[in-house]
Amino acid sequence: MRLKTSILKEPKHRELVSCIGWTAADELYSCSDDHQILRWNLLTNETSLVVKLPEDFYPIDLHWFPKTVGGKKQTSAEIFVLTSTDGKFHLVSKTGRVEKSVDAHKGAVLAGRWNHDGTALVTAGEDGQIKNWSKSGMLRSTLATQASPVYSVAWGPDSERILYTSGRHLVIKPLQPSAKVIQWKAHNGVILKVDWNAVNDLILSGGEDCKYKVWDSFGRLLYSSLSHDYPVTSLSWAPDGEVFAVGSFNTLRLCDKTGVRNVMNDAVDVLEFRDRVIKASLAFGHLVVATSLQCYIYNTKNWNTPLIFDLKEGTVSLILQAERHALLVDGAGLYIFSYEGRLISSPKFPGMRADILNSQCVSLSNDTVAIRDKSDEKVILLFDALTGKPLGDGKCLTHKMEVVEIALDQCGPSTERKIALIDKNRDLYLTSVRYLGREPKICKIGSMIHSMAWNNAANILCGVQDNQFTVWYYPNTVFIDKELLSKTLYTKDGSEFNHAPHILSFVDTKVRLRQRDGSLLYTSVPPYAVFLHEFSSSARWEDALRLCRFAKKDSLWACLAAMAIANRELTTAEMAYAAIRELPRVHYINFIKQQPSKESSLAHLLLFSGQVQEAEATLLQAGLIYQAIQVNIDLFNWQRALELAVKHKTHVDTVLAYREKFLQTFGRKESNKRFLQYAKGVEVDWDKIQAKIEMELAKEREKAANVSVRSSVAQRR
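In this report, the structure presented in the accompanying data block is examined. (Residues numbered from 1 in each chain as written. Predicted model: local features only at pLDDT ≥ 70, side-chain atom pairs only at ≥ 80, totals over all residues. Heavy atoms only, no water.)

**Remarks on empty space enclosed by the protein**
Step number 1: What the rule picks out here adds up to 1 cavity of 30 Å³ or more.
Step number 2: Along its surface, the largest cavity is lined by Arg113, Ser152, Val153, Ala154, Lys193, Val194 and Asp195.
Step number 3: Every element with two or more residues in the lining of the largest cavity is listed here: β15 (153-155) and β19 (191-196).
Step number 4: Looking at which element gives the most residues to the lining of the largest cavity, the answer is β19, with 3 residues.
Step number 5: Residue composition of the lining of the largest cavity, by class: 3 nonpolar, 1 polar and 3 charged. (1 Å grid on protein atoms, 1.4 Å probe; cavity = no way out; pocket = protein on both sides within 12 Å on 5 of 7 lines; lining within 4 Å. Points joined across faces, edges and corners; volume = space filled by probe spheres on them. Helix = DSSP H or I, 4+ residues; strand = E, 2+ residues; numbered from the N terminus. Nonpolar A, V, L, I, M, F, W, Y, C, P; charged D, E, K, R; others polar.)

This is the structure we're talking about:
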């Protein structure tokens, strides 16, 4: 990535240009000490005078009112705040008319910034004061008073905190008076400029020590540049938080969020576009390029004839790709296009702010779109990719903590779609996307996860975990046999990486990472797991067994065991568990195979995976009341066992008998009032109980045999 710069033969401004502001991807306003406000059109290279300001007016800072507020695009509120040396700030319309002027500070107003909601304005002055104003310019409060000028100020992503300079220190102050203030020494010289990105929650600062630095919102240093020749006087994040620009004397630098210049190589461009390229993405055999006016979709097999369609806005901030379609995000909304250029859907939700969405809080698969809700970061909104409507009955997926990153798996049917999420504690969880009538089961599969990515060809998940690189060959194991999950991992020492690199992609067996210094790093993953997923999805169990015998890896055998259980392939599961010396599970699988009916086998398979309620429901639906009661007895769920027996008026004596035997084993007496009540009127006779159980099992075998015969006859016909 490079900056393309050009200098006009004759300057349009006659004096120093003090501030600029973008209104759109190709329109810019500039203010100068020559008392003029000019409008620049980058498409036509035309420059026009907006307004001539008074001779005593010297502008310092300019900031446009947010384009989207509460999910709605603002068309009527096209105004900007302009601060000046006379201690005033001015609300100016797009046509150049000064709507209002407010006396704000003693001395120059050095900075003025709208919050992200457009409901408040903060100003910082030469008098060391920071003031909070309403949208109409009414003073709400003086937030802080410093002994030295405050050169720059920025709002936090939640519009509940502000960041400002205090000499060599940076200060984060919440708007709530009683909340804790965070302050730290950031530079060895006076700090001149700060910016706080709403998407990645990272802070940027530059000062007279000739350095620029990147911080997180807790004040921890993520990157510090080398000392340059001149002080850093200006800097700004790109809206999507992926890159930022740094300005100094006669110098302009373009950096990615890790702080490195020229993060891509200087390879010669092969494809040429009529307009300026804003975003590009290459995945799943297609290149998607967004310019300021159009979107181009290339098939990697044919670079000569792209599909081209016009964009509503030239401010595409994010492109995500799945196998069948791509998602484009601009200031107005989200749009899913097929690779033929057809608009498929446009998901919407109340309070949507598309301008602050990034790849960490939006994920796309062939059938699902997942979006973390900015208004409540514990909530993940789920949409059908083909219709744009909320999934199911519109319920959201709610986690117990704030979510910082989400990712949908890319393969398999939509009914088995899973989403991985990293929360604020850096714990990694997995859950189902399409759940039926119940709260989804959210299971933890890792901790201290800094970054993650799904494989493009199989549902394999990789992540940077503390000081190692970890691959979950079959994350779904956590729902099938939780204790087996740790055996399905592939780990690699992370000493070759620097601290917490970011995973960019996981394609086939190659993982691409970006390190803290901005350099790209590749690492490989053994290919066997991808083949194993392929064999499992196509029911080629003999091939899967041969692969595991060839590779001789316990992690593959463990994956095969879980895959076989998930597909009810008991013989393969038995062999796989035996290979990793899990003898209790081998015995239980043998027990499942000996069950008299398919319903009983299925119920015990569900029990094997810890799905007790589902197992009981399966037995009750099949009319196997005794089996359902016995399941609860085996799990010592006595209350439920008695409840079922009383409700269906059978095997009450069986429950009481097993309960009595259990208490005698531990030398205890019955204290449960309900059991004491039924014990008075029910006689316990083990011979009768055993006979009744044998009769129940015989009925079940007979019923299963009749079903098998009818099935065979139907097949012959």
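**Some details on the nonpolar core**
Step number 1: Membership of the largest hydrophobic core comes to 48 residues, with the highest contact counts inside it found for Leu532, Leu560, Ile565 and Tyr577.
Step number 2: Per-element tally for this core: the top contributor is helix α4 (residues 554-566), with 10 residues.
Step number 3: When neighbours within four sequence positions are excluded, Leu532 is seen to be in contact with Ala544, Leu547, Cys548, Leu556, Cys559, Leu560 and Met563.
Step number 4: By size, the runner-up hydrophobic cluster in this structure holds 21 residues, among which are Leu619, Trp638, Val655 and Phe675. (Core = buried A, V, L, I, M, F, W, Y, C linked by side-chain atoms within 4.5 Å. Buried < 20%, exposed > 50% of the residue type's maximum accessible area, 1.4 Å probe, protein only. Contact = heavy atoms within 4.5 Å.)

**Considerations on the layout of surface pockets**
Step number 1: Considered as a void within the structure, the second largest pocket measures approximately 1600 Å³ in volume.
Step number 2: For the second largest pocket, the lining is made up of 46 residues, of which Thr415, Glu416, Lys418, Ser432 and Asn476 are closest to its centre.
Step number 3: Within the residue set of the lining of the second largest pocket, elements represented by two or more residues are β40 (428-432), α1 (477-480), α2 (528-537), α4, α7 (598-608) and α8 (612-621).
Step number 4: The greatest single-element share of the lining of the second largest pocket, amounting to 5 residues, is contributed by α2.

**Some words on unusual backbone geometry**
For residues besides glycine, phi is generally negative; the peptide bonds are generally trans as well.
Step number 1: With a phi close to 50 degrees, Phe284 is a non-glycine residue in the positive phi region.
Step number 2: Look at Arg568: it is not a glycine, yet its phi comes out positive at around 60 degrees.
Step number 3: By secondary structure assignment, the location of Arg568 is in the loop between α4 and α5 (570-579).

**Let's talk about helix α6 (residues 583-593)**
Step number 1: Those residues of α6 that sit buried are Arg585, Val586, Ile589 and Ile592. Along the long axis of α6, the arc covered by the buried residues comes to 115 degrees, so they all point the same way. Exposed positions of α6 whose direction lies more than 90 degrees from the buried face are Leu583, Pro584 and His587.
Step number 2: For α6, the secondary structure elements touched by its buried residues are α4, α5 and α7. (Arc of directions from axis to C-beta.)

**Observations regarding the state of the cysteines**
Step number 1: Within this structure, the stated rule accounts for 0 disulfides.
Step number 2: Here Cys443 stays unpaired: no disulfide links it, and the sulfur of Cys559, its closest cysteine neighbor, is 17 Å away.
Step number 3: For Cys443, a relative accessible area of 5% gives the class buried. (Disulfide = S-S within 2.5 Å.)

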